[in-house]
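What follows is each chain in one-letter form.
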Amino acid sequence: MSGPVILPRVIRTRAELSAALETAPRPVGLVPTMGALHEGHASLIRRARADNRTAIVTIFVNPRQFNEVADFDKYPRDEEMDLRTCGSAGADLVFVPGVDEIYPPGFQTSVRVGTLAEPLEGVARPGHFDGVTTVVAILLGLVRADRAYFGQKDAQQLLILRRMAADLGIGTEIAACPIVRAPDGLALSSRNARLGPEQRAAAPILRVALTAARARYGAGERNGEVLRRVMRDTLATEPLASPEYVSCADTATLLELDHVSGAALLSMAVRFGDVRLIDNDLLP
Ligand code: AMP
């Protein structure tokens, strides 16, 4: 790395944000995050930087989207490091609100998307997506961004947010960015830091399972259950991996497919001890 990183301007209140937006050149691109930023987040920020005249990152560990208090408490937080990452990826402004700034006293509104929020992550994490859609609706309302950037890593989240934006007439374009992976194939995630060395060595099995299913699909297999079995069988070769779900679903409805005729979303959640990892791949 060469040269000092220029730290972006940090904003902590709704009022400061609204004042800063008055002079921010448009279009404005927004990258909502929960901090603990890694190269996956940086790729979203670089994309927002490249597509827009102002790039804004939000860092907010949203209590409403954690269904386990312990997970919220253990969520890694390092603002100084995060600001450096934002700066080197080209963010102009970073909005780091306190909980009361997002949910002011008397707050009582929530945004809930219907059946798309029920399967997959919705089963294991009740209320999670209501927390996500509510906070993203607030952030989109506060920033009034022209574009907002989300990772394909959270494929169901992306689909739900697109649905919400269309349903509520939110004018922000929801842009999807590809999954960024470690060299061994593990999708980058803030939770990876909590894996022990043996778990970390085992964790690329998610990607191996997705790749095995893709290879079977490439060889002509179109039976959804067979593709799910290929993923389950692959995960079963790793004793440290406890699969929570394995799915081959319709990309529009997220319902499980018996037969793959068009696009399909392969996805899974797998536990390594108390660390829960997700990954996915889009067919074809
Ligand atoms: P988070 O801070 O975990 O809420 O993630 C903020 C955004 O970064 C979400 O849109 C995620 O989908 C995205 N993201 C997280 N990990 C990755 C990754 N490995 N590759 C691409 N995007 C990611």
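Within each chain, residues carry numbers counting from 1 in the order of the written sequence. Local features in this predicted model are restricted to residues whose pLDDT is 70 or higher, and side-chain atom pairs enter the listing and the counts only when it is 80 or higher, whereas totals over whole chains, interfaces and linings include all residues. Based on all heavy atoms of the structure, the side-chain values leave hydrogens and waters out of the count.

Asker: Teacher, can you tell me more about the sheet that holds strand β8 (residues 264–272) here?
Answerer: Hydrogen bonds between backbone atoms are what pair the strands of a sheet, whose relative direction is either parallel or antiparallel. In this description, strands pair whenever DSSP reports at least two bridges between them. In DSSP terms, a helix is any run of H or I states spanning at least four residues, a strand is any run of E spanning at least two, and both are numbered starting from the N terminus. On the basis of which strands lie adjacent, the open sheet formed by three strands has the order β7-β8-β9 and antiparallel pairing. Either end of the sheet is taken by a strand with one partner, and the two such strands are β7 (242–250) and β9 (275–283). Shown here is a sheet whose adjacent strand axes are inclined to one another by a mean of 10°, direction ignored. Two strands pair when backbone bridges link them, and β8 and β9 are joined in this way by nine bridges, in the antiparallel orientation. Bridged to Phe272 within β9 is Val275. Strand contacts of helix α11 (residues 224–236): β7, β8 and β9, with the helix running at about 155° to β7, the strand carrying the most contacts. Between the N-to-C directions of two axes lies an angle of 0 to 180 degrees, each axis being a line fitted to C-alpha atoms and, for a helix, fitted only over the stretch in contact. The contact criterion used throughout is that any non-hydrogen atoms of two residues lie within 4.5 Å.

Asker: What's the story with the site of the ligand in this structure? I'm lost.
Answerer: For this purpose, a residue is taken to be near a molecule or strand whenever a single non-hydrogen atom of the residue falls within 4 Å of it. Contacts to the ligand come from 17 residues, most closely from Met34, Gly151, Asp154, Val180 and Leu188. Within the backbone of Val180, an N or O atom sits 2.9 Å from a nitrogen atom of the ligand. Between the ligand and Leu188, the relevant distance is 2.9 Å, taken from a nitrogen atom to a main-chain nitrogen or oxygen of the residue. Calculation of accessible area relied on Shrake-Rupley with a 1.4 Å probe; when residues are assessed, cover is drawn exclusively from the protein chains displayed. Protein coverage of the free-state accessible area of the ligand, which is 480 Å², stands at 92%. Counting of polar contacts relies on pairs of N or O atoms within 3.5 Å, with two restrictions inside protein: one atom must be capable of donating a hydrogen and the other of accepting it, and residues adjacent in sequence are counted only when both atoms are side-chain atoms.

Asker: What am I meant to see in helix α2 (residues 39–51) here?
Answerer: Because each turn of an α-helix spans 3.6 residues, side chains separated by three or four positions end up pointing in the same direction. To estimate the expected span of a helix, subtract one from its residue number and multiply by 1.5 Å. Taking 1.5 Å of rise per residue, 13 residues should cover 18 Å, and α2 covers 18 Å from first to last C-alpha, within 8% of that figure. A 1.4 Å probe rolled over the protein chains alone gives each residue an accessible area, and that area as a share of the maximum for its type sets the label: buried under 20%, exposed over 50%, partly exposed in between. If you check which residues of α2 are buried, you get Gly40, His41, Ala42, Ser43, Leu44, Ile45 and Ala48.

Asker: It is not clear to me how the pairing of strand β2 (residues 28–33) should be interpreted in this structure. Could you clarify?
Answerer: Side chains on a regular strand alternate between the two faces of the sheet. For β2, the tally of buried residues reaches six of six residues, placing the bulk of the element in the interior. Both faces of β2 are covered, namely the face carrying Val28, Leu30 and Pro32 and the face carrying Gly29, Val31 and Thr33. As paired elements, β2 and strand β3 (residues 54–59) share six bridges and run parallel to each other. Bridged to Gly29 within β3 is Ala55.

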